[in-house]
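The lines below spell out each chain.
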Amino acid sequence: MEHIPSAAEMLGWIETVVGQGIRRPGYPADAWTEQWLAERLSGFGLEVTLEPVEVRRWRPGAGLLRLDDGTSWTGLPLPFTAPAKSLRGRIARLADARPGDIVVDELTFTELPQSYVKTLATSAYDPEGSFGTLVQTLPFGPRMMEVVEPALAAGAAAFVGALTGLPWDTRDYYVPYDAIERPIPGLWLSGTDARQLLARLPCEGELIAESAVDTVITHNVVATLPGGSPHTVIVASHHDAPWASAVEDASGLALVLATARHWARVPAAERPHNLTFLLTSGHMAHAAGTRAFIDRHRPELADVVLQLHLEHAALRCEAVDGKLVPTADPEVRWWFTTRAPQLERLVATTLEAEDLRRSFVLPPDVFSPMPPTDGAFFHPEGVPLVHFLSAPMYLFDSADTIDKVDVAGLEPLARAAVRIVAGTAGWTPDELRITP
Ligand SMILES: [Zn+2]
């Protein structure tokens, strides 16, 4: 594995991508990243194609809640909610809401005990024995992306999301990202601001939540290397992001680039299968890039031995005085793996070989019908998959900065990706495909 880049080199790639700014689907930094990825991959010797993907681009403007007593707080308009230049009305908690109100609802992130996840896992690699007591704060509340729906059901004219139950103070929560255009305006307020608001409710005021939506063409970056079988392994991540995000998923891009460079330097006959490296667009628009890739390549999916997704080399953070502080530990690593025994064994032995502690091997549908990954839509197609993902609480926030990247994990994760690809030598899609 002498061809795996050093952690410093991978971190350099992550810094380059993060340095371009906010990479939401269709933003200039995302278009720049597409070109940069294509140049890196051609430079490694791969055949590169840019495949067009139509996405809905959402750009927020001013976000403000102003009470009639003059108090006001700035906030982030919720992605893909209706714009409002000025909406006046009664502001009330969800429990006290009348139809037509500006409804305030509090959000608390879900705490997930790892002792419970262990009961759902196919296997675990946890040499420290941390899973007995560790509790992970997920970047979602119990309703996942359906944060506006209770207010909609109550007949609200607008939604104000009070981020009072987050371990740190932020208004930059880029959720929902299913690109569903909800019919009322929405605004996230930080926990500190929202607590001041809640103390004054009910009252009268004005909501401003400006945004613009249009349709633009982005690209999946698709790079190929010929190999020693008629079948294909697809290694993937996504190039768009909620912010200038380092973990989500500049870190995944670095892992895919590292894996591509390794296999480019190995003679074609030593590659176990044809290899496709896929960097999708539009993850933050309901995985538009993955869906477009599947639509375009559906006849070829029967030849796919494995689809390996690499997302989020993340450090676990703790909240100290309302601020996020990275620890030295990785966030819990999920390895969603199709329930083919030889594939589950390959992943389990790889985790041990690369000492990827705090890892779970999980069935792809353990949390929801599809895995919560950018590659989710491969699962209902019956494509055998291994999806690595960790879900730190800051995943959708502007706090996802370089200091959150699990730098010590980059080389072992890249080596694990290479091992898993190599481990499929001699396998055929038919022996791994499970009808979901
Ligand atoms: Zn991601």
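Structure first, text after, so check above.
Residues numbered from 1 in each chain as written. Predicted model: local features only at pLDDT ≥ 70, side-chain atom pairs only at ≥ 80, totals over all residues. Heavy atoms only, no water.

Trainee: Outline helix H8 (residues 341–353), listing residues and values.
Mentor: Helix length check: H8, at 13 residues, gives a terminal C-alpha distance of 18 Å against a target of 18 Å (1.5 Å per residue), a fit within 8%. Within H8, burial applies to Gln342, Leu343, Glu344, Leu346, Val347, Thr350 and Leu351. One or two residues past the end of H8 sits Asp355, with phi positive at roughly 50°. (Helix = DSSP H or I, 4+ residues; strand = E, 2+ residues; numbered from the N terminus. Expected span 1.5 Å × (residues − 1). Buried < 20%, exposed > 50% of the residue type's maximum accessible area, 1.4 Å probe, protein only.)

Trainee: Kindly report on the nonpolar core, identifying the contributing residues and their values.
Mentor: Of all hydrophobic cores here, the largest spans 95 residues; its most connected members are Phe277 and Trp335. For this core, the leading source of residues is helix H6 (residues 246–264), giving 12 residues. Leu65, Val104, Val160 and Ala194 belong to the second-largest nonpolar core, a separate cluster that totals 20 residues. (Core = buried A, V, L, I, M, F, W, Y, C linked by side-chain atoms within 4.5 Å.)

Trainee: So what's going on with the coordination of the zinc ion? Which residues, and what values?
Mentor: The protein atoms that coordinate the zinc ion are His238 (NE2), Glu248 (OE), Asp249 (OD), Glu311 (OE) and His312 (NE2), at distances spanning 2.0 to 2.2 Å. Taken in sequence order, the residues that donate to the zinc ion follow the motif H-x9-E-D-x61-E-H. Residues Glu311 and His312 agree in their burial class; the two are buried. (Donors = N, O, S within 2.8 Å, 3.2 Å for Na, K, Ca; no water.)

Trainee: Give a detailed account of the packing of helix H1 (residues 7–18) against H6, specifying residues and quantitative values.
Mentor: At a minimum axis separation of 9 Å, H1 and H6 run at an interaxial angle of 135°. By the criterion of interaxial angle, the relationship of H1 to H6 is oblique. The handedness of the crossing between H1 and H6 is right-handed. Contact residues: H1 offers Glu9, Met10, Trp13, Ile14, Val17 and Val18, while H6 offers Ala246, Ala250, Ser251, Leu253, Ala254, Leu255, Leu257, Ala258 and Arg261. (Axes fitted to C-alpha atoms, helices over the stretch in contact; angles between N-to-C directions. Parallel < 35°, antiparallel > 145°, perpendicular 65-115°, else oblique. Left-handed = near helix turned anticlockwise from the far one by under 90°. Contact = heavy atoms within 4.5 Å.)

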